[in-house]
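# Close look at the chain arrangement
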Amino acid sequence: MNQHTVIGLDLAKSSNAVVALSAQGRELWRKTLTRSKLLPFLAQQQPCLIALEACSGAHHVARQLQQQGHQVVLYPPAHVKAYLRGQKNDYNDALALAEAAQHGRIRPVAVKTVEQQDALLIVQQRRQLKEEQTRLGNRIRALLAERGVVLPQGVAALRRGIPRILEDAENGLSITARQLLERVYQRYLVLLDELAWYDTQLQCHAREDATCRRLCEMPGMGPIVASVLQGWMGDGRQFARGRDASAALGLVPKQYSTGGRDVLLGISKRGDRYVRSQVVNGAQAVLRCAEGKEDTLSRWVMRLKARAGHNKTVIALANKLVRIAWVIVARGERYRPQPIGCHG
């Protein structure tokens, strides 16, 4: 492999900018290639380091480049932006990627396998359906509130309440409102059926995938949270330690320090907000059930809750869960609860 040449590749639908730099940072060549000519051209190059943004289609292209013998790194677009000089265009974007790869300070995104992308696709589609179900449920409640009918929150309340409201002839709903409510409610039921299918798929994936099975042995990790966290983390090798994983997910304090004076604020909220919210939900479930338990983790969170309060304890526990999950994913270990007395 040519250790001295770095290629920056700015992907697009049809026009792809490619820039090659020498070890000294000198531009060797630049080209614009269509998608059909891109891979054949790169296959003719001596194997080297190729940098891409982690955008749509990047994992597919990265796998094909790896098969050609190249070393491929994917970088988060927001982090590459700091290397952009001059005006934004395709060549400058590709040049920024190449310089970022030479600098080597940005933590890359792990190249996902086809199986990992399939599992992540299920998670993403479920997330969109869940958001749509929440919006539609709120719309139904708003429609009823306009007519003086108030329903409590929750899916179960809607499923119990809507049929009763439709059958009640004395609640003042007009024929038009009843017809509209019936149609919206049927669409809501279809969404719930779709969500149930996706939940079943995630449960099957959690049973069949060895890493997901190990993650589900952790407290606060069910099939959904485990699949979401695994899809985000990949093989975990882009992180040197579990602390880096929790920091990348935004579960550490935000710093505003200068002149030797350290100021720590709330959590940084970096990384994927959805993944962070799922891990926090898992931590809340652990804390909710911790009272009265005698295991080490439950005792630790109860002591921390008494000292720091509920919200800070949830975030601290979420941080710990991500660090434990990294050990399980990156090192292939299993969750081993510590004996009483070993926790800090």
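Further up the page is the structure itself.
It should be emphasised that the depicted structure is a prediction, and the values quoted were computed from it without experimental measurement.

## Quick word on helix α6 (residues 155-167)
Taking 1.5 Å as the rise per residue, α6 with 13 residues should run 18 Å; its terminal C-alpha atoms sit 19 Å apart, in good agreement. Restricting attention to buried positions, one finds in α6 the residues A157, L158, G161, I162 and I165. Those residues of α6 that are buried lie in contact with α5 (114-146) and α7 (175-208).

## Regarding the side chain of T5
Locating T5 in the fold gives a position in the segment before β1 (6-10). Leave out the neighbours within four places in its chain, and T5 touches A20, L21, L28, C48 and L49.

## Comments concerning a positive patch on the surface
A cluster of basic side chains, namely R135, R139, R183 and R187, defines a positive patch on the protein surface. At the level of secondary structure, the elements contributing two or more residues to the positive patch comprise α5 and α7. Along the chain, R139 turns up in helix α5.

## Focus: the nonpolar core
Counting residues in each nonpolar core, the largest one holds 61 residues, and the members touching the most others are L144, L229 and M233. The element best represented in this core is α7, accounting for twelve residues. Three or more residues apiece are contributed to this core by two domains, here domain 2 (114-208) and domain 3 (210-331). Contacts of L229, omitting those with residues within four sequence positions, involve M221, L249, V275, V279 and A325.

## Focus: the side chain of Q230
Relative to the helices and strands, Q230 is located in helix α9 (residues 223-233). With sequence-adjacent residues up to four places away left out, Q230 is seen in contact with H205, D209, T211, C212 and L215.

## Focus: the pairing of strand β4 (residues 49-53)
For β4, a buried count of five out of five residues is recorded, marking the element as mostly surrounded by other parts of the structure. Because side chains alternate across β4, one face comprises the buried residues L49, A51 and E53, and the other comprises I50 and L52, equally buried. The pairing of β1 with β4 spans four bridges and is classified as parallel. Paired with V6 across the strands is L49, a residue of β4. Handedness of the crossover joining β4 and strand β5 (residues 71-75) through helix α2 (residues 58-67) is recorded here as right-handed.

Here is what the cut-offs are and how they apply
The residue numbering used here restarts from 1 in each chain and proceeds along that chain's sequence as written. Under the rules for a predicted model, residues below a pLDDT of 70 receive no local features and side-chain atom pairs below 80 are neither given nor counted, while totals for whole chains, interfaces and linings still include all residues. To get the side-chain values, take all heavy atoms of the structure and skip hydrogens and water. Strands are runs of DSSP state E lasting at least 2 residues, helices are runs of H or I lasting at least 4, and numbering of each runs from the N terminus. One less than the number of residues in a helix, times 1.5 Å, gives the span that helix is expected to have. The buried label goes to any residue with under 20% of its type's maximum accessible area, the exposed label to any with over 50%, and the partly exposed label to all in between, with areas taken from a 1.4 Å probe on protein chains only. We call two residues in contact whenever any of their non-hydrogen atoms come within 4.5 Å of each other. A residue counts toward a patch only above 30% relative accessible area and without a salt bridge, and it is joined to like-charged neighbours within 9 Å or, for Val, Leu, Ile, Met, Phe, Trp and Tyr, to nonpolar neighbours within 5 Å. Each accessible area is a Shrake-Rupley estimate made with a 1.4 Å probe; only the visible protein chains count as cover when residues are assessed. Between Lys or Arg on one side and Asp or Glu on the other, a salt bridge is scored when a side-chain nitrogen of the former is within 4 Å of a carboxyl oxygen of the latter. When charges are tallied, Lys and Arg are placed among the positive residues and Asp and Glu among the negative ones, while His and the ends of the chain are skipped. To locate a charge, the coordinates of NZ of Lys, CZ of Arg, CG of Asp or CD of Glu are taken. To form a nonpolar core, buried Ala, Val, Leu, Ile, Met, Phe, Trp, Tyr and Cys residues must be joined to one another through side-chain atoms within 4.5 Å. Each domain's extent is set by a domain assignment, obtained either automatically or from a database. Paired strands, in this sense, are two strands between which DSSP finds at least two bridges. Call a crossover right-handed when, viewed with both strands pointing away from you, the route from the first strand across the helix to the second goes clockwise.

Functional significance is not addressed by these values, which are geometric in nature.
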